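What follows is the residue order along each chain.
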Amino acid sequence: MRLVTVGTGTVVPDPDRGSACHWIEEGGTLVLLDCGAGALPGLARADLPWGRIDYLVISHFHVDHIGEIPSLIFALRHALAEPRTEPLAIWGPEGTQGLFDALAAAFGTWLLQPGFPVTVREISIGGVYGLGELTLKATKTPHTPESVALRLEGGGVSLGYTGDTGPSDDLAKFFRGVDLLLAECSLPEELVGDNHLSPERLAEIATAAEASRLAVTHVYPQLGRLDVPELLRAAGYEGEITMVTDGLEMIV
Ligand SMILES: [Zn+2]
């Protein structure tokens, strides 16, 4: 499985980082995970075949994770040399259908009828879904009413994605044994509150889950000034740590 961290920033404007967006590829299956501001130029810079994505999966409805979806669908409709005919399946937490109905009401019916088939599916906690050559599962996270963390498996490996989350004992169980955990790590412990992770809280989850590798994303400037890998190690995490940047490729 191939991961490209297309957008590794937060809501804070950053000349080097877009908001959340990640590319996942397993065999011929192409998945875009979240689609925040900067996703489209990020995909273009990384030279990824964004016109061929099969699935768009969203973790929650904060705009730094979904704000560029209308632009993505507009580009799929108008910016491809060959008009797209392949279906696009959109998966998200409870409320996703209502979100897309509202986006279509605001921007136009093309958003759900862009000239190729679009389906919107809501993920149930505990469900296991086939996305081409991948399987998808979700669990609730303490962040927004709908927010979920995701687990994708395929090709004999597994990738966990926290989306945005506060600390949760369930997450360690959900991510048990993942080969790579793509995790938010927002703020230092003294600033973090209960709906995001600090290095200390992330280290606890990743250690309990026995995740062998950690890809750290969604770091706010207040934390980015510190040595995050050192804080994760000091808090007990012993696996491999990568502070991901926009356009970085990792093989899971
Ligand atoms: Zn969020």
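Above: the structure in question.
Residues numbered from 1 in each chain as written. Predicted model: local features only at pLDDT ≥ 70, side-chain atom pairs only at ≥ 80, totals over all residues. Heavy atoms only, no water.

Caption draft 1: The arrangement of the packing of aromatic side chains in detail. With the rule as written, the count across this model stands at three aromatic pairs. Summarising the aromatic geometry, the rings of Phe74 and Trp110 are spaced 4.9 Å apart at their centres and angled 50° between planes, so their arrangement reads as tilted. Residue Phe74 is located in helix H3 (residues 69–78), and its partner Trp110 is located in the loop between helix H4 (96–107) and strand E6 (118–122); the two are separated by 36 residues in the primary sequence. Overall, Phe74 belongs to the partly exposed group, its relative accessible area being 41%. According to the relative accessible area criterion, Trp110 is buried, its value standing at 16%. We note Arg84 situated over the ring of Phe116; from NZ or CZ to the ring centre the distance is 4.9 Å. (Phe/Tyr/Trp six-rings, centres within 6.5 Å; stacked < 30°, edge-to-face > 60°. Helix = DSSP H or I, 4+ residues; strand = E, 2+ residues; numbered from the N terminus. Buried < 20%, exposed > 50% of the residue type's maximum accessible area, 1.4 Å probe, protein only. Lys NZ or Arg CZ within 6 Å of the ring centre and 35° of its normal.)

Caption draft 2: Summary view of the nonpolar core. Counting 31 residues, the largest nonpolar core has Trp23, Leu32, Leu56, Ile69, Ile90 and Phe100 as the members making the most contacts within it. Elements represented by at least two residues in this core include exactly strand E1 (2–7), strand E2 (21–26), strand E3 (29–35), helix H1 (39–45), H3, strand E5 (88–92), H4 and E6. Looking at which element gives the most residues to this core, the answer is H3, with five residues. If we skip the residues at most four places from it in the chain, Leu32 touches Cys21, His22, Trp23, Leu43, Ile53, Tyr55, Leu56, Val57 and Leu72. (Core = buried A, V, L, I, M, F, W, Y, C linked by side-chain atoms within 4.5 Å. Contact = heavy atoms within 4.5 Å.)

Caption draft 3: Representation of the coordination of the zinc ion. Summarising the metal site, the zinc ion is bound by the protein donors His60 (NE2), His62 (ND1), His143 (NE2) and Asp164 (OD), whose distances to it range over 2.2 to 2.3 Å. Considering all four donor atoms around the zinc ion, angles at the metal cover 88 to 164° and the coordination shape is irregular. Of note, the zinc ion draws all its donor residues from one chain, in the sequence arrangement H-x1-H-x80-H-x20-D. With His62 in the loop between strand E4 (55–57) and helix H2 (63–66) and Asp164 in the loop between strand E10 (157–161) and helix H5 (169–174), this pair connects stretches of sequence that are 102 residues apart. We classify Asp164 as buried; its relative accessible area is 2%. (Donors = N, O, S within 2.8 Å, 3.2 Å for Na, K, Ca; no water. Tetrahedral: all angles 85-135°; square planar, octahedral: opposite > 155°, others 65-115°.)

Caption draft 4: Here's a closer look at the sheet that holds E10. Spatial strand order, E7-E8-E9-E10-E11-E12-E13: seven strands in an open sheet with mixed pairing. In this open sheet, the two strands that pair with only one neighbour each are strand E7 (129–131) and strand E13 (240–243). Geometrically, the sheet is characterised by an average inter-axis angle of 20° between neighbouring strands, direction not taken into account. By the bridge criterion, five bridges tie strand E9 (residues 148–154) to E10 in an arrangement that is antiparallel. Residue pairing in the sheet places Gly154 in a bridge with Val157 of E10. (Pairing = 2+ DSSP bridges. Axes fitted to C-alpha atoms, helices over the stretch in contact; angles between N-to-C directions.)

Caption draft 5: Summary view of helix H6 (residues 199–209). Residues of H6 that are buried include every one of Pro199, Leu202, Ala203, Ile205, Ala206 and Ala209, and no others. Within H6, the buried residues cover an arc of 165° as seen down the axis, which keeps them to one side. Directly beyond the C-terminal end of H6, a positive phi value near 55° is found at Glu210. (Arc of directions from axis to C-beta.)

Caption draft 6: Representation of H3 within the structure. Listed as buried for H3 are Ile69, Pro70, Leu72, Ile73, Ala75 and Leu76. Buried-residue contacts for H3 involve E3, H1, E4, H2, E5 and H4.

Caption draft 7: Representation of unusual backbone geometry within the structure. The backbone of Asp34 sits at a positive phi, close to 65°, despite the residue not being glycine. A relative accessible area of 0% means that Asp34 is categorised as buried. Non-glycine residue Glu210 carries a positive phi angle of around 55°. You can see Glu210 is positioned in the loop between H6 and strand E12 (213–217). Given the relative accessible area of 60%, Glu210 is considered exposed.

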